Amino acid sequence: SFLEQSGMRFGADLNAYTSLDETVYMLQIPTDTAALLNTALDVLQDWASAVSFDSTEFGKERGVVIEEWRAGQRVQDKQLAVQFKGSRYAERLPIGSQGSLDSATHAAITRFYRDWYRPDLMAVVAVGDFDVAAMERAIKDRFSGLVNPAKARPRVLYDVPDHADTRISLASDKEFPQSIAQVNWMLPSQVRGTLGWWRESMVAGMYTGLLGQRLDELSQRASTPFAFAFAGRSSLLPTRDAFQAAAIVKDGKFVDALVATLAEAERADRFGFTTTEFERQKTTIVRGLERAVTEAAKTDSKVYTDQLVSHVLTQASLASSAQVQQLATVILPGITLAEVSGAAKTWMPSGSRTIMVAAPARPDVVLPTDSALLSVFGRVKAEALVAYVDS
């Protein structure tokens with residue numbers, strides 16, 4: 001009630017999410033009132049250490065989460081169970097199963113909170129127009145008294161085993177909004193936070209940008225079987241990265257959409273990108289960095305918050321716009337066209353890949369067969385591709 005009376009809205013200014021490896025609570029507040037700022041810090045402290053677990057509210061929340069599971073989790077749950085088969089992740093999806101939600105006890109939820117909401121696994125991030133020293137003192141005043149359990153449960157980083165086969169997940173749901181086909185390749189994670197990693201990320205970003213431009217150009221043709229497609233490398237889990245190629249499918253053409261998407265990656269692999277594409281991409285990066293430095297004072301606090309949260313969770317690098325520009329000025333001239341063209345050569349192995357298809361459950365949408373999806377890779381390799389012409 002206090003927060004809503006202060007003009008904050010649930011879902012916009014007051015929010016939270018739970019992913020496979022972390023839970024993050026977010027509170028966006030005006031900083032021009034000291035009393036409100038202090039109360040917001042009290043709320044953070046309450047979340048971190050003083051949740052009451054009222055029995056009545058617990059009963060209500062069970063119903064809320066079950067409805068959330070029914071509304072949006074079914075397709076993702078099916079996909080993750082296939083993609084992460086043989087690992088703890090397949091058995092411990094964030095929202096749980098309907099069985100675990102139905103049977104969850106008040107004691108078990110309270111125990112989970114005591115086990116895992118503890119200082120050595122916790123970070124407080126604050127960004128805004130305030131006195132930094134005063135904010136640091138205020139945070140320490142509220143959080144320095146938190147104590148780890150006497151016998152803290154170890155936090156284990158689980159891996160997902162490699163697999164030689166290609167896994168397939170087919171899922172349809174009446175509430176799923178559109179038809180999507182994608183391939184995910186599971187890769188070893190990179191050591192983050194180093195200059196070498198930053199350079200590799202820049203090369204990967206250039207590859208993704210160049211391939212994305214070609215896919216975007218394709219999507220503008222009426223004959224293309226996808227409405228939109230993308231491909232890129234990202235962090236998947238603490239121990240794994242992933243390369244993903246995905247397409248929003250037109251008219252149930254799941255297999256054709258995948259072939260068209262992967263064929264562009266194959267074209268880049270066979271013939272590389274053109275010099276003009278490459279130079280344009282570098283120019284775009286330089287201009288974007290210049291704009292970021294020029295407009296640094298206008299940057300929304302959330303941008304900085306996301307960077308800090310990413311640093312805490314994945315050890316991603318922290319740098320200002322000016323520092324990034326300085327790094328890029330040194331690194332970018334040394335990145336070659338051949339390097340960017342060949343960036344994905346090791347990202348699409350024959351194993352540890354999963355094809356995932358998701359679509360609305362409707363009579364007019366027919367899901368493809370496993371054999372049709374598995375034929376995609378052979379079809380792409382057999383395509384008589386020609387080099388891309390940059391017009």
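Above this text sits the structure in question.
Here the structure is a predicted model, which means the values were calculated and not measured.

## Quick notes on the packing of helix α9 (residues 195-219) against helix α11 (residues 275-294)
- At a minimum axis distance of 10 Å, the contact between α9 and α11 shows a crossing angle of 115°. As α9 runs across α11, the sense of the crossing is right-handed. Residues Met202, Gly205, Met206, Gly209, Leu210, Gln213 and Arg214 of α9 lie in contact with α11, whose contacting residues are Glu277, Phe278, Gln281, Lys282 and Ile285.
- When grouped by side-chain class, the residues that make up the contact of α9 with α11 number five nonpolar, four polar and three charged.

## Let's talk about the pairing of strand β5 (residues 226-237)
- Of the strand pairs in this sheet, β5 and strand β6 (residues 240-249) are connected by ten bridges, and their pairing is antiparallel. When the sheet's bridge partners are listed, Phe230 is paired in β6 with Ala246.
- Counting the residues that bridge the hairpin from β5 to β6 gives two residues.

## Concerning the packing of aromatic side chains
- This model, assessed by the stated rule, comprises eleven aromatic pairs.
- With centroids separated by 5.1 Å and ring planes inclined at 70°, the aromatic side chains of Phe53 and Tyr113 adopt a geometry described as edge-to-face. Of this pair, Phe53 sits in the loop between α2 (34-49) and α3 (55-72) while Tyr113 sits in helix α7 (residues 106-116), and the two are 60 residues apart along the sequence.
- Put simply, the rings of Trp185, Tyr207, Phe243, Phe273, Trp347 and Phe377 pair up and form one aromatic cluster.

## Structural notes on α7
- Considered for burial, the residues of α7 that qualify are Thr110, Tyr113 and Asp115.
- In this structure, the buried residues of α7 make contact with α2.

## Description of the environment of Val160
- Positionally, Val160 belongs in the loop between α8 (132-143) and β3 (166-173).
- Sequence-wise, Val160 and Val127 are 33 residues apart; in three dimensions their C-alpha atoms are separated by 35 Å.
- Sequence-distant contacts of Val160, that is, excluding residues within four places in its chain, are made with Gln83, Phe84, Ser87, Tyr89, Met186, Leu237 and Arg240.

## Looking at the nonpolar core
- Formed by 54 residues in total, the largest nonpolar core has its most connected members in Met202, Tyr207, Phe226, Leu262, Ile335, Val340 and Trp347.
- Looking at this core element by element, the count peaks at eleven residues for α9.
- Once residues within four sequence positions are removed from consideration, Trp347 is found in contact with Trp185, Leu187, Ala204, Tyr207, Arg233 and Phe243.
- Formed by 14 residues, the second largest nonpolar core is a distinct cluster that contains Leu14, Leu37, Met135 and Ile139.

Criteria and thresholds
Residues numbered from 1 in each chain as written. Predicted model: local features only at pLDDT ≥ 70, side-chain atom pairs only at ≥ 80, totals over all residues. Heavy atoms only, no water. Axes fitted to C-alpha atoms, helices over the stretch in contact; angles between N-to-C directions. Helix = DSSP H or I, 4+ residues; strand = E, 2+ residues; numbered from the N terminus. Left-handed = near helix turned anticlockwise from the far one by under 90°. Contact = heavy atoms within 4.5 Å. Nonpolar A, V, L, I, M, F, W, Y, C, P; charged D, E, K, R; others polar. Pairing = 2+ DSSP bridges. Phe/Tyr/Trp six-rings, centres within 6.5 Å; stacked < 30°, edge-to-face > 60°. Buried < 20%, exposed > 50% of the residue type's maximum accessible area, 1.4 Å probe, protein only. Core = buried A, V, L, I, M, F, W, Y, C linked by side-chain atoms within 4.5 Å.

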